[in-house]
Amino acid sequence: MEYFLGIDVGTTGCKVVLIDERGELRGKSVAEYPLYTPRPNWAEQNPEDWWQGTVQALKKVLEISGIDPRDVSGIGLTGQMHGSVFLNDRGEVLRPAILWCDQRTARECQEITEKVGLERIMSINCNPVLPGFTAPKILWVKNNEPEVYRKIAKVLLPKDYVRFRLSGEFATDVSDASGTSLFDVPKRQWSEELIRALDFSPSWFPPSFESPEVTGRIKREVAELLGMREDVLVVAGGGDNAAGAIGTGIVRSGLVSASIGTSGVVFAFSDEVRVDPKGRVHTFCHAVPGKWHVMGVMLSAGGSLRWFRDVLGLEEKNVAMILEKDAYELLSEEAEKSVPGAEGLLFLPYLTGERTPHADPFARGVFFGLTLKHRKNDLVRAVMEGVTFGMRDSFEIIREMGIPIEEVRAIGGGARSPLWRKIQAAVYQVPLFGVKVDEGPAFGAALLAAVGRGVFWSVEEACARAVAVTEKVLPDEHLVARYEHLYRIWRDLYPALAPFYRRIAE
């Protein structure tokens, strides 16, 4: 029996899954690491923490699965997109990695757009330059840390730094590279025009591959550390959203995934390049060779509920420890005691700015409609509903683009709560399905490794054989009408408040 590992270099920790050659899940593990916010709206991590977390999670999953590590044949990589890892010519990290949720680069985005031109950027990269993307981070280092900039020899995305430590190879994949603002998305290759327009060196950026392609083998010292063979292959993998779509089977037209994790992602498959002329959603290469996807991204989806748990849910956290339950489960039970619409309370989930549909680093979170009548259960429900309304924004844009939405597959924390699943089905107005293996990106990365090894002929075959849908939630017609009314009010709040966001930020 052959086995495959999927490594997900996430924002809060590294998740590793182990599957067999049939695509069955055989084990999983997580190793957490810190996130640093040295200034408001900054977000950084130490790449060494990613590597130590990866090794810890790999050792743990191999131990708990009970398999012989020498039976592992391949590794797939995925992880948080857009982050910038700067290496010198000796492969040493020059500064902490700047992450996808970092919002410091508004000035650099404007500088790039003015230099290249929005129309030209959209024609090549299919997306406007946003603060979370990679190119403005590089320019920020040039503008603010010239001593670091002068030493740059390589710029890697987070999962690709772990690849470098695993295999010694510099490589990336087309889906992850699509989110750098330096990639030709229609042609599926680095854009020399964009790279040179910004006076970056083409040599900084690693070769790009289709997601199932093999990029190398693990190093001898890594094999010895983990007890594996030296011929274990490493495939290109994909950005967390593209790999997550593989893990949920989003590989044909009409299928859409809704992921509520730290961020919120609506991911729609496309056979061809489709671009929103207003740049509100992203068009990237898919992890399926020769295919693309359209994606809307909220910056603080599940992150909003996590904030609530950590700041206002200490009682639930303590009770959860005593009962050996998840604090989120208790919060969801609290929310069920409220009513749809949370007694007229609305929540805007812009705790770290926003990307879709409002590319606004100055946006802030808001509870709107608070009265003396409201209790904690109303606040929890308002957070869950407000996040779902934010996801609905992406669905609206995707529908405007003529992309069919026949079935939504829910993953992430928002898929684990029965109440949140019910809210999502009603707000999206589409049947909502769960998936048998809710390990999203890591599971998708492992499947890509199995394709690279030749166990499956294609990514589509791997998904057909290994991905199974579970519970179906139909939209409740009474909730649909209620949420449709509330969504229209909720949607009007951002434009009314937008001028004040910038003023308070200043």
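Computed from a predicted structure; not experimentally measured.

For the pair helix α11 (residues 302–312) and helix α12 (residues 314–323), interaxial distance at closest approach is 5 Å and the crossing angle is 85°. In terms of axis orientation, α11 runs roughly perpendicular to α12. For the pair α11 and α12, contact is made by R309, D310 and L312 and by L314, E316 and K317, respectively.

The next point concerns the pairing of strand β5 (residues 72–79). With eight of eight residues buried, β5 lies mostly within the body of the structure. Here two bridges tie β5 to strand β14 (residues 233–235), and the two strands are oriented parallel to one another. Within the sheet, the bridge partner assigned to G74 lies in β14 and is L233. Pairing analysis gives two bridges linking β5 to strand β15 (residues 238–239), with the strands arranged parallel. Following the sheet pairing, T78 is matched in β15 by G238.

Glancing now at the side chain of H82. Examined against the element boundaries, H82 turns out to sit in the loop between β5 and β6 (85–87). Within the local environment of H82, its side chain forms a polar contact with the backbone oxygen of G179, the two atoms lying 2.7 Å apart. Residue contacts for H82: discarding those within four places in its chain leaves I98, W100, G132, F133, T134, K137, L157, D176, G179, F284 and R355.

A separate point is the nonpolar core. One broad rule of soluble globular proteins: the nonpolar side chains tend to lie buried together. Formed by 57 residues in total, the largest nonpolar core has its most connected members in F389, F395, V408, Y428 and Y483. The element best represented in this core is helix α14 (residues 376–400), accounting for 11 residues. Among residues more than four places away in sequence, those in contact with F389 are L346, V427, Y483, L486, Y487 and W490.

Among the 11 residues of helix α16 (residues 418–428), nine are classified as buried, and the element is accordingly described as predominantly covered. Phi for Q429, located one or two positions after α16, is positive at around 65°.

Let's shift gears to the sheet that holds strand β19 (residues 292–298). If you walk across this open sheet you meet the seven strands as β18-β19-β17-β16-β22-β23-β24, and the pairing is mixed. On the outer flanks of this sheet lie β18 (282–285) and β24 (469–473), each paired with one strand and no other. For this sheet, the mean inter-axis angle between neighbouring strands, taken without regard to orientation, is 30°. Its contacts with the sheet put α16 on β16 (254–260), β22 (405–412), β23 (432–435) and β24, and the angle it makes with β16 is roughly 135°.

Reading guide: rules and limits
Residues numbered from 1 in each chain as written. Predicted model: local features only at pLDDT ≥ 70, side-chain atom pairs only at ≥ 80, totals over all residues. Heavy atoms only, no water. Axes fitted to C-alpha atoms, helices over the stretch in contact; angles between N-to-C directions. Helix = DSSP H or I, 4+ residues; strand = E, 2+ residues; numbered from the N terminus. Parallel < 35°, antiparallel > 145°, perpendicular 65-115°, else oblique. Contact = heavy atoms within 4.5 Å. Buried < 20%, exposed > 50% of the residue type's maximum accessible area, 1.4 Å probe, protein only. Pairing = 2+ DSSP bridges. Polar contact = N/O pair within 3.5 Å; in protein donor to acceptor, adjacent residues only side chain to side chain. Core = buried A, V, L, I, M, F, W, Y, C linked by side-chain atoms within 4.5 Å.

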